Amino acid sequence: MARKELSVQPREVLGKKVATLRREGILPANVFGHGVDSVAVQVDIEQLAETIKTSAANEVIDLKIDGERSARPVVIQKVQRHPLGRGYLHADFYQVSLREKMRADVPLTLVGESDAVKTYNGVLLTGIETLHVEALPLDIPTHIEVDITPLTALDTALHVRDLTVPADLTVLADPDVVVVQVTSPRVSVEGAPASESEAEEEAS
């Protein structure tokens, strides 16, 4: 399957002057990586927004810089947004080597159904939402599924060590970290005696 492509242009406008680019629908950005000189570029905001919308986390895309013969394999590492929601401010593209392993945080997706939740009204609590891993750039999955079916009893949990991950993926997270757990429901008993502090508050 062909990788997505995104075209950018070398950027000469630097510093505070980049505000003029944004008014023209152009976003300032930088390309950098391990052993790679940082390059200032600019990209059409609408094209970048569409690429972000259709790309998965950690997906490798081909960045085509005007004037360069070959595209650069990159991941969109960070997109800075305006604090008041007024669009994008800056983007960072991290250039990867397809032959060198990289580290990334992969989103976790819950699948299946827990009897502890369905039958015993347990409360499902998520401990972590991403998993820190290492692999070759093209081997990093868009997400990792967490099957909660084994959670059949209250006060049970799944840990990092319980996850099923691809063989070419190295998990860097602590194996004892709780990924998801089911806790007992909180039941308030009507008419139960109040604690001393509560009784004092009611009397005051």
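Reading the values: the criteria
- Residues numbered from 1 in each chain as written.
- Predicted model: local features only at pLDDT ≥ 70, side-chain atom pairs only at ≥ 80, totals over all residues.
- Heavy atoms only, no water.
- Pairing = 2+ DSSP bridges.
- Helix = DSSP H or I, 4+ residues; strand = E, 2+ residues; numbered from the N terminus.
- Axes fitted to C-alpha atoms, helices over the stretch in contact; angles between N-to-C directions.
- Contact = heavy atoms within 4.5 Å.
- Phe/Tyr/Trp six-rings, centres within 6.5 Å; stacked < 30°, edge-to-face > 60°.
- Buried < 20%, exposed > 50% of the residue type's maximum accessible area, 1.4 Å probe, protein only.
- Polar contact = N/O pair within 3.5 Å; in protein donor to acceptor, adjacent residues only side chain to side chain.

A. Spotlight on the sheet that holds strand β6 (residues 88-95). A barrel is described by the order of its strands in space; here six strands give the closed sequence β1-β3-β2-β6-β5-β4, paired in mixed fashion. Strand-to-strand twist across the sheet, computed as the mean angle between neighbouring axes with direction ignored, equals 45°. Bridging between strand β4 (residues 61-65) and strand β5 (residues 72-81) involves three bridges; their strand directions are antiparallel. Among the inter-strand pairings, Leu-63 is bridged to a residue of β5, identified as Arg-72. On top of the sheet, helix α2 (residues 45-54) reaches β1 (5-10), β2 (26-33), β3 (36-44), β4, β5 and β6; it is set at about 105° to β3, its chief contact.

B. Representation of the packing of aromatic side chains in the model. For the structure on display, the rule yields one aromatic pair. Here Phe-32 and Tyr-94 contribute two aromatic rings whose centre-to-centre distance is 5.6 Å and whose plane-to-plane angle is 80°, an arrangement assigned as edge-to-face. Within this pair, whereas Phe-32 is found in strand β2, its partner Tyr-94 is found in strand β6, the two being separated by 62 residues in sequence. Judged by its relative accessible area of 22%, Tyr-94 falls in the partly exposed class.

C. Spatial organisation of the side chain of Arg-72. Structurally, the position occupied by Arg-72 is in strand β5. Classification of Arg-72 by relative accessible area gives buried; the value is 14%. One polar contact links Arg-72 to Glu-68, side chain to side chain, over a distance of 2.8 Å. Those residues within four positions of Arg-72 in sequence are excluded, and the remaining contacts are Val-31, Val-36, Val-39, Ile-61, Asp-62, Leu-63, Ile-65 and Gln-95.

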